[in-house]
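Examination of the molecular architecture
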Amino acid sequence: MGGGARTGAAMAVASMLLVQLGLAVSVGFIDRLGAEGTAWLRLAWAGLILAVLVRPRVWRFDRRALLACVALGVATGGVTLLFMAAIARLPLGTASALEFLGPLGVAVVRGRRGTTLWPALAAVGVLLLTQPWHGGADPVGVLFALAAALCWAAYILLTQRVGDEVTGLRGLGVSMPVAALTATLVAGPSVFPRLTWELLLAGLGLAVLLPVVPFALEFLALRRLTTAAFGTLMSLEPAFALIIGFLVLGQRPGWVPVAGIGFVVAAGIGAERTGARHQLTA
């Protein structure tokens, strides 16, 4: 495994840990702002932060790159809004496992011959984590998580495309303000009356934790990994969600979900070993 793949895998793992920690912290905001309001607060600050720090010169983008950045922003806004709605109704580990079906689909479709074992192992892990045979999950929450999965698949594909076409983090400097605008159009009018200065300042710190730093790490990781490998590496996220949910939110898993962690960790290790891109971009 080359150094590029190792670096990309490390970035992806760090991103996942920050995402799950940020989501656990976000749960505390839901009672005051609602799921959509919490998603809007994170995206609004993230869009402002990246626009100021990156200062992308949009007029220098070609039409294809600009459209990809806009599409990525819409997908980012969609996955954030939908997943926050899901974790308002489901345990963090269950929602993350269902959302992982999006990256898993990318891994299956984009994977090379001989690498389908890792998505298969990950799929078994997801089943053990969600335990659909019990039928106790909130159906609306499940639908939100599955819709988030579709947006996450699009996010992975578009992030790699933007990262390949636009140097540095300029693509993220365009896509994140678009995501903020998307969230504002969907949730803004219902959120503004509930905002306080305290919530705004807390939202600034939350936005740095999620999505600014982890999305930047994912952006860079997808320059070093195939979309198939990245998608399968994301199988570690439900396991991280289960652990963070236990440590931070007191959500206690049973033995079956713990067994699921073993499968998704094995899939993640396999993806890291087979996932270097042939052409790496600095």
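Scroll up to find the structure this text is about.
Residues numbered from 1 in each chain as written. Predicted model: local features only at pLDDT ≥ 70, side-chain atom pairs only at ≥ 80, totals over all residues. Heavy atoms only, no water.

1. Side note on the overall build of the protein
Helix and strand counts for the protein come out as eleven helices and zero strands. Element order for the protein, N to C, with α for helix and β for strand: α-α-α-α-α-α-α-α-α-α-α. Relative to the compact-globule value of 19 Å for 282 residues, the protein shows a C-alpha radius of gyration of 18 Å, a close match. Considering only C-alpha atoms, the protein reaches an extent of 45 × 45 × 25 Å along its principal axes. Within the protein, buried positions represent 52% of all 282 residues. Here the contacts in the protein between residues at least 6 apart in sequence split such that 91% fall between residues at least 24 apart. (Helix = DSSP H or I, 4+ residues; strand = E, 2+ residues; numbered from the N terminus. Rg over C-alpha atoms; globule rule 2.2 N^0.38 Å. Buried < 20%, exposed > 50% of the residue type's maximum accessible area, 1.4 Å probe, protein only. Contact = heavy atoms within 4.5 Å.)

2. Quick word on the environment of Pro238
Looking at the element boundaries, Pro238 is found in helix H10 (residues 236–249). Residue Pro238 is classed as buried on the basis of its relative accessible area, which comes to 0%. Considered as a pair, Pro238 and Phe192 are 46 residues apart in the sequence and their alpha carbons are 32 Å apart.

3. Remarks on a nonpolar patch on the surface
Residues Leu21, Val25, Ile243, Phe246, Leu247 and Val248 make up a contiguous nonpolar surface patch of about 490 Å² in total accessible area. Within the secondary structure layout, Val248 lies in helix H10. Given the relative accessible area of 44%, Val248 is considered partly exposed. (Patch = residues over 30% accessible without salt bridge, like charges linked within 9 Å, V, L, I, M, F, W, Y side chains within 5 Å. Areas by Shrake-Rupley, 256 points an atom, 1.4 Å probe, with all protein chains shown as cover. Salt bridge = Lys/Arg side-chain N within 4 Å of Asp/Glu carboxyl O.)

4. Remarks on the side chain of Thr80
By secondary structure assignment, the location of Thr80 is in helix H2 (residues 63–87). Within the local environment of Thr80, its side chain forms a polar contact with the backbone oxygen of Thr76, the two atoms lying 2.8 Å apart. The residues touching Thr80, leaving out its near neighbours within four places in the chain, are Ala39, Arg42 and Leu43. (Polar contact = N/O pair within 3.5 Å; in protein donor to acceptor, adjacent residues only side chain to side chain.)

5. Considerations on unusual backbone geometry
Geometrically, the link from Leu210 to Pro211 is a cis peptide bond, its omega value of 20° lying close to zero. Position of Pro211 relative to the elements: it lies in helix H8 (residues 197–221).

6. Some thoughts on helix H5 (residues 117–130)
Its 14 residues give H5 an end-to-end C-alpha distance of 20 Å, which sits within 8% of 20 Å, the value for a rise of 1.5 Å per residue. Among the residues making up H5, those that are buried are Pro119, Ala122, Gly125, Val126, Leu128, Leu129 and Thr130. Taken from the residues just after H5, Gln131 is the one with a positive phi, measuring 45°. (Expected span 1.5 Å × (residues − 1).)

7. As for empty space enclosed by the protein
One pass over the full model with this rule turns up one cavity of 30 Å³ or more. One number sums up the size of the largest cavity: a volume of about 180 Å³. Surrounding the largest cavity, 14 residues form its lining, Val19, Val79, Phe83, Glu99 and Phe215 being those nearest its centre. For the lining of the largest cavity, the secondary structure elements donating two or more residues are helix H1 (3–54), H2, helix H6 (139–165) and H8. (1 Å grid on protein atoms, 1.4 Å probe; cavity = no way out; pocket = protein on both sides within 12 Å on 5 of 7 lines; lining within 4 Å. Points joined across faces, edges and corners; volume = space filled by probe spheres on them.)

8. Comments concerning the state of the cysteines
By definition, a disulfide links the sulfur atoms of two cysteine residues through a covalent bond. A complete count under the given rule lists zero disulfides for this structure. Free cysteine Cys69: the closest other cysteine sulfur is in Cys151, separated by 17 Å. The buried category is assigned to Cys69, whose relative accessible area is 0%. (Disulfide = S-S within 2.5 Å.)

9. Let's talk about the layout of surface pockets
Vacant regions in the atomic arrangement are exposed by a probe of water-molecule size rolled over the atoms. The volume enclosed by the largest pocket comes to roughly 360 Å³. Around the largest pocket, the lining is made up of 22 residues, and of these Pro91, Thr94, Leu129, Thr130 and Gln131 lie nearest the centre. Broken down by secondary-structure element, the contributors of at least two residues to the lining of the largest pocket are helix H3 (92–99), H5 and H10. Per element, the largest residue contribution to the lining of the largest pocket is four residues, and it comes from H3. Partitioned by chemical class, the residues of the lining of the largest pocket number twelve nonpolar, nine polar and one charged. (Nonpolar A, V, L, I, M, F, W, Y, C, P; charged D, E, K, R; others polar.)

Shape descriptors only; they carry no functional weight alone.
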